[in-house]
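Chain by chain, the residues run as shown.
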Amino acid sequence: MDSDLYDEFGNYIGPDLDSDEDDDQSIYGQQDNQDERDDEAMEEEEDQNEDEDKEVTAVVLHEDKRYYPTAVEVYGPDVETIVQEKNAQPLDKPLIEPVKKIKFQIKEQELPDTTYNVEFMADLMDTPPLIRNVALIGHLHHGKTTFVDCLIRQTHPQFDLNEERSLRYTDTLFTEQERGVSIKATPVTVVLQDVKTKSYLMNIFDTPEHVNFSDDITAAMRLCDGVVVFVDAAEGVMLNTERLLKHAVQEKMPITVCINKINRLILELKLPPQDAYFKLKHIVEEVNSLLSTYGNAEETQLVSPVLGNVCFASSLFGICFTLKSFAKLYADTYEGVNYVEFSKRLWGDMYFHSKSRKFTKKPPHNSAQRSFIEFILEPMGGVGDDRYQATALISSQLWTLTSLRCHLG
């Protein structure tokens, strides 16, 4: 062995040796090649890790981040897609809603048919003494809207076949129709006649009854000549009724009281005629007590059926009468009856003597009935067991608005 070819540690330092591919390589040569490959792989991994570190540490804006593939990549370019942000629209509404025409109220496109001539109504508008502006006020569900429906049926023949509860002519808003409560004050102009068949132009305001809409009631009262206070015959004077009476007294307006739903006294409460009379009398006395409380001693106006500013009605069955209009029915049936004087004797402690055919304040016998019971409640209620069929047997001829004309005229 040539010592010049090796160093002191035995490592070969001589010239390069020629090698054949066919010669077997030593294990050390294979290990060297494997080490070289491992080094190259490690370098590539290090490069990738460096690239990843650069991507992680880079600042990426929120709108540039991509978590999911785009709609074009998923569905293709031929599909139209709509992108909607999260929580921008509730789930109960479709993305593309159908076109809807929203209607808030019911309107008539043409003038309705009336029992009177429209030109005659226009002529009455030029005559202020024949015009009455009236506001209907009262507690919740005391029958104001149904009362106006009775006027509409009387003057508009096309509504004769409508049911009493389904018309609600002045409730023009759909919310009023759905809830069954008036929300806005609605005016209606009709031509009505009194017991003498004299025509008057009536501008009637159907006001809301709920206390939350009292501003419309105030506005309607400022426009009117007088008010009609509706009181349920079964419920009597309520809290809102008292408040409205106080307001009407402060405005110094003429007041007419309409005791409505008298059918409830007969059909629901099943009161005998004498108890029904005392119930009606108690309502009148309670109203007068409130008027005396809120009004001045000198200017206090009282209401009474004898004065003509109290009427009795049943809006459900289309009935409204005063003492004078009811007495007029007797005058039309029997000759020689002075219905004006007769009506003054149909209220209070007045009794009719059948033998002397006179009215006195003393009963002729123990079982004698007051004139209001004998001439009004008994005919309305029938006889015997048929008494409670009162409302169904009343003639449609009882329908008048004499109370409005007498007091506001």
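Remember, it's a predicted structure, so these values are computed and weren't measured experimentally. Position numbers for residues start from 1 in each chain and track the written sequence from start to end. Local features are withheld for residues below a pLDDT of 70 in this predicted model, meaning they are given only at 70 or higher, and side-chain atom pairs are given and counted only at 80 or more; totals for whole chains, interfaces and linings count all residues. Note that water and hydrogens are dropped before the side-chain values are worked out from all heavy atoms of the structure.

Q: Could you clarify how one ought to interpret a negative patch on the surface in this entry?
A: Among the surface-exposed residues, Glu40, Glu43, Glu44 and Glu45 lie close enough to one another that they form a single negatively charged patch. For every residue, the accessible area obtained with a 1.4 Å probe (protein chains only) is divided by the maximum for its type, and the residue is called buried under 20%, exposed over 50%, and partly exposed between those limits. A relative accessible area of 48% means that glutamate 43 is categorised as partly exposed. Only residues above 30% relative accessible area that lack a salt bridge enter a patch, with like-charged residues linked at up to 9 Å and the nonpolar side chains Val, Leu, Ile, Met, Phe, Trp and Tyr linked at up to 5 Å. Surface accessibility follows the Shrake-Rupley procedure with a 1.4 Å probe radius. Residue values consider only the protein chains on display as shielding. A pairing counts as a salt bridge when a side-chain nitrogen of Lys or Arg comes within 4 Å of a carboxyl oxygen of Asp or Glu. Note that His is not counted, nor are the chain ends; the positive residues are Lys and Arg, and the negative ones are Asp and Glu. Each charge is placed at NZ for Lys, CZ for Arg, CG for Asp and CD for Glu.

Q: Would you take a moment to explain unusual backbone geometry for this structure?
A: For residues besides glycine, phi is generally negative; the peptide bonds are generally trans as well. Positive phi values are uncommon outside glycine, yet lysine 252 reaches one of about 55°. Runs of H or I in DSSP of at least four residues are treated as helices and runs of E of at least two as strands, each being numbered from the N terminus. As for its placement among the helices and strands, lysine 252 is situated in the loop between helix H7 (239-250) and strand E5 (255-260). The class for lysine 252 is exposed, based on a relative accessible area of 65%. Positive phi values are uncommon outside glycine, yet lysine 261 reaches one of about 60°. Mapped onto the elements, lysine 261 comes out in the loop between E5 and helix H8 (263-267).

Q: Help me understand the environment of aspartate 206, please; the structure alone is not making it clear to me.
A: Structurally, aspartate 206 can be placed in strand E3 (residues 199-206). In this structure aspartate 206 comes out as buried when scored by relative accessible area, which is 1%. Between the C-alpha atom of aspartate 206 and that of aspartate 171, which follows or precedes it by 35 residues, the distance is 9.0 Å. Throughout, a contact is declared for two residues whenever any of their heavy atoms are within 4.5 Å. Beyond its immediate sequence surroundings of up to four residues, aspartate 206 is in contact with Lys144, Thr145, Val148, Thr170, Asp171, Ser182, Lys184, Ala185 and Thr186. In the analysis that follows, any N or O atom pair within 3.5 Å is treated as a polar contact, provided that within protein one partner can donate a hydrogen and the other can accept it, and provided that, for residues neighboring in sequence, both atoms belong to side chains. At 2.5 Å, the side chain of aspartate 206 and the side chain of threonine 170 are in polar contact.

Q: Honestly, the pattern of salt bridges in this entry has me stumped. Any pointers?
A: A pair can form between side chains of opposite charge whenever their charged atoms are brought close. Within this structure, the stated rule accounts for eleven salt bridges. Between glutamate 251 and arginine 222 there is a salt bridge whose closest N-O contact spans 3.1 Å. One end of the pair, glutamate 251, is in the loop between H7 and E5; the other, arginine 222, is in helix H6 (residues 214-223), and 29 residues separate them in sequence. Between aspartate 232 and lysine 261 there is a salt bridge, and its shortest N-O distance comes to 3.7 Å. Linking aspartate 232 in strand E4 (residues 226-232) with lysine 261 in the loop between E5 and H8, this pair joins segments that are 29 residues apart in sequence. Residue classification places aspartate 232 among the buried residues on the basis of a relative accessible area of 0%. Connected through shared salt-bridge partners, Asp232, Glu235, Lys261, Arg264 and Glu268 make up one network.

Q: Explanation requested: the packing of aromatic side chains in the structure shown.
A: Where two aromatic rings form a pair, the distance of their centres and the angle of their planes describe that pair. When two rings of Phe, Tyr or Trp (its six-membered ring) have centres within 6.5 Å they constitute a pair, described as stacked for plane angles under 30 degrees, edge-to-face for angles over 60, and tilted for the intermediate range. Taken as a whole and assessed by the stated rule, the structure comprises 18 aromatic pairs. Pairing tyrosine 277 with phenylalanine 278 gives two aromatic rings, centres 5.5 Å apart and planes at 65°, and the pair type is edge-to-face. Through pairs of rings, three or more aromatic residues link up here, namely Tyr277, Phe278, Phe312, Phe321, Phe326, Tyr330, Phe342, Trp347, Phe352, Phe359, Phe372 and Phe375. The criterion for a charge sitting over a ring is simple: Lys NZ or Arg CZ within 6 Å of the ring centre, and within 35 degrees of the ring normal. Directly above the ring of tyrosine 339 sits lysine 328, whose terminal nitrogen or CZ lies 5.7 Å from the centroid.

Q: Just to check I follow, could you spell out the sheet that holds strand E2 (residues 186-193) for this structure?
A: Pairing between sheet strands relies on hydrogen bonds along the backbone, with the strands arranged either parallel or antiparallel. The seven strands lie next to each other as E2-E3-E1-E4-E5-E6-E7, forming an open sheet whose pairing is mixed. Where the open sheet ends on each side, the last strands, each with one partner, are E2 and strand E7 (319-321). On average, each strand axis in the sheet is inclined to that of its neighbour by 25°, with strand direction left out of account. Two strands pair when backbone bridges link them, and E2 and E3 are joined in this way by eight bridges, in the antiparallel orientation. Should DSSP find at least two bridges between two strands, the strands are regarded as paired. Structural elements are reduced to axes, namely lines fitted to C-alpha atoms, with helices fitted over the stretch in contact, and the angle between N-to-C directions of any two is expressed from 0 to 180 degrees.

Q: How should I be thinking about the packing of H6 against H7 in this particular structure?
A: Two elements in contact, H6 and H7, have axes separated by 11 Å at closest approach and are oriented at 30°. In this structure, the crossing between H6 and H7 has a hand that is right-handed. Taking contact as the criterion, the partners of Ser214, Ile217, Thr218 and Met221 in H6 are, on H7, Arg243, Leu244, His247 and Ala248. Of the residues belonging to the contact of H6 with H7, the class tally is four nonpolar, three polar and one charged. Crossing handedness: left-handed means the near helix sits turned counterclockwise from the far one by under a right angle, and right-handed means the same turn made clockwise. Gly is put with the polar residues, along with every residue not named as nonpolar or charged; the nonpolar set is Ala, Val, Leu, Ile, Met, Phe, Trp, Tyr, Cys and Pro, and the charged set is Asp, Glu, Lys and Arg.

Q: So what exactly am I meant to see when it comes to the pairing of E3 here?
A: Looking along a regular strand, one sees side chains alternate from face to face of the sheet. Summarising burial for E3: eight of the eight residues are buried, a large majority. Going residue by residue along E3, you find Ser199, Leu201, Asn203 and Phe205 tucked away on one face and Tyr200, Met202, Ile204 and Asp206 tucked away on the opposite face as well. In terms of strand pairing, strand E1 (residues 131-138) meets E3 through six bridges, oriented parallel. Bridge pairing links leucine 136 to aspartate 206 in E3. Between E2 and E3, which follow one another and run antiparallel, lie five residues, and threonine 197 among them has a positive phi close to 60°.

Q: Before we go on, may I ask you to explain the environment of glutamine 177 in this structure?
A: Topologically, glutamine 177 is positioned in helix H5 (residues 174-179). Not counting the four nearest positions on each side in its chain, glutamine 177 is found in contact with Ile106, Leu167, Arg168 and Asp171. At 3.4 Å, the side chain of glutamine 177 and the backbone oxygen of arginine 168 are in polar contact.

Q: What am I meant to see in the packing of H7 against helix H9 (residues 273-294) here?
A: Between two packed helices, both the angle of their axes relative to each other and the distance between the axes serve to describe the pair. Interaxial distance between H7 and H9 falls to 10 Å at its minimum, and their mutual angle equals 45°. Taken together, the axis directions place H7 and H9 in an arrangement best described as oblique. In this structure, the crossing between H7 and H9 has a hand that is right-handed. Packed against H7, whose contacting residues are Glu242, Leu245, Lys246 and Val249, the element H9 presents Val287, Leu290, Leu291 and Tyr294 at the interface. When its residues are assigned to classes, the contact of H7 with H9 shows six nonpolar, no polar and two charged. Each angle receives one of four descriptions, namely roughly parallel if under 35 degrees, roughly antiparallel if over 145, roughly perpendicular if within 65 to 115, and oblique otherwise.

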